[in-house]
Amino acid sequence: MKIVGCDLHARQQSIAMVDTETGVLTEKVLKHEGNAVREFYAALEGPVVVGIEATGAMQWFLELLEQLSIECRVGHPAKIRAAETRKQKHDRRDAEVILDLLLMNRFPEIWMPSSEQRDLRTLLRDRHQWVKMRTRLQHTLQAIALNHALREGRALWTAAGRRSLQDLTLPKYTAQRRDELLRLYTQLDKRIQQLDKQVETEARQRPQARRLLTHPGVGPVTALATEVFLGDPPRFAGANQVASYIGMIPCEHSSGKRQRLGKLSKEGNSLLRYLWIEATLHAAVKDPDLKRFYRRKLVQKGMGKARVATARKLGIRLWIMLRDEIDYEELPRYGQMLSQKNNDQEK
């Protein structure tokens, strides 16, 4: 069996490979040119395990190893770096560290989404990027309108509001800028509507996403994103792990008897965290329990922290619905059943 520690970069990769039968250690650098990488891995005989650190440009490499039927393990970058105590850091040393972790069965492997889930994530990120571009345009156009006494607020984006903006008498270059931005806004809005239809179609076709749509205030974008970004729900041991994965837990600097909690860690999935917070604005209006929770936190913590706390509660609900395959209507009965179970255990 051959075990390979691979330090992957954009233009090359450093390899530390050991043959467990002969004990021979091989170190080399592979340039990402032509078919060099494919030929090297295709020539390896017997079972092969490759370990890499998670990076943003690893997709092509994962697909290549999948085509060659080679097992690839992706490791948590921070935990891999924590395993190295020496101050010497270079590509060859990084490959050796990955190899040592694989040999000692201490490699911090992370869960990886399927190719279908990765493709759906691309759809959601694409939509989110277009929405951010449209928002920047809206801010710019709103500034032009306000500077010329057109105070329409959100109504500026209706057909009548845009006509009012178009009819404004403006200086030459300001009018030119307004016309170009309005034209671009129309194109962006049309593209976002197309992506919204694709997202809704995917959400309606997937049983788990349809289950999340039963929760008040949760739309197709949030439902589909929750399913594909959380992935396999049972992989989380509990609600705290889910919140940590999304980055909705506070930073902590505690020592001795004193506990210090700071702002949100924000180390998790930023898109899903954003969608949960946005969905909270609708869910807290339609769901009585979330409304009471939000109002209580609003008095205790203020608006910002109340929204985040309610978004976390909403996200945990959605995770429970995915994990236990229950609809929104079953949540109250499910909560009562868990409370009764805990009371019985305490007795």
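Before reading further, recall that the structure is shown in the block above.
A few points on the structure. Because the structure is predicted, anything quoted here is derived from the model rather than measured.

Regarding helix H12 (residues 288-301)
Working step 1: With 14 residues, H12 extends 20 Å from end C-alpha to end C-alpha; this agrees with the ideal 20 Å at 1.5 Å per step.
Working step 2: Within the sequence span of H12, burial applies to Leu-290, Phe-293 and Tyr-294. One side of H12 carries all its buried residues, which in axial view fall inside an arc of 100 degrees. Of the residues in H12, the exposed ones pointing more than 90 degrees away from the buried face are Arg-292, Arg-295 and Val-299.

Quick look at the environment of Glu-116
Working step 1: Inspection of the secondary structure puts Glu-116 in helix H5 (residues 115-147).
Working step 2: Within the structure, the side chain of Glu-116 is placed 2.9 Å from the side chain of Arg-206, a separation counted as a polar contact.

Regarding the sheet that holds strand S5 (residues 71-75)
Working step 1: Taken in spatial order, the 5 strands line up as S3-S2-S1-S4-S5 in an open sheet, and their pairing is mixed. The sheet terminates laterally at strand S3 (25-31) and S5, the two strands that pair on one side only. Neighbouring strand axes in the sheet, compared pairwise and without regard to direction, differ in orientation by 20 degrees on average.
Working step 2: Of the pairings in the sheet, the one linking strand S4 (residues 48-53) to S5 comprises 5 bridges and is parallel in character. Of the residues in S5, the one forming a bridge with Gly-51 is Arg-73.
Working step 3: Against the sheet, helix H2 (residues 59-67) makes contact with strand S1 (2-8), strand S2 (12-19), S4 and S5, and its axis sits at roughly 170 degrees relative to S4, the strand it touches most.
Working step 4: Along the sheet, helix H4 (residues 91-103) makes contact with S1, S2, S3, S4 and S5, crossing S1 at roughly 140 degrees.

Calculation notes
- Residues numbered from 1 in each chain as written.
- Predicted model: local features only at pLDDT ≥ 70, side-chain atom pairs only at ≥ 80, totals over all residues.
- Heavy atoms only, no water.
- Helix = DSSP H or I, 4+ residues; strand = E, 2+ residues; numbered from the N terminus.
- Expected span 1.5 Å × (residues − 1).
- Buried < 20%, exposed > 50% of the residue type's maximum accessible area, 1.4 Å probe, protein only.
- Arc of directions from axis to C-beta.
- Polar contact = N/O pair within 3.5 Å; in protein donor to acceptor, adjacent residues only side chain to side chain.
- Pairing = 2+ DSSP bridges.
- Axes fitted to C-alpha atoms, helices over the stretch in contact; angles between N-to-C directions.
- Contact = heavy atoms within 4.5 Å.

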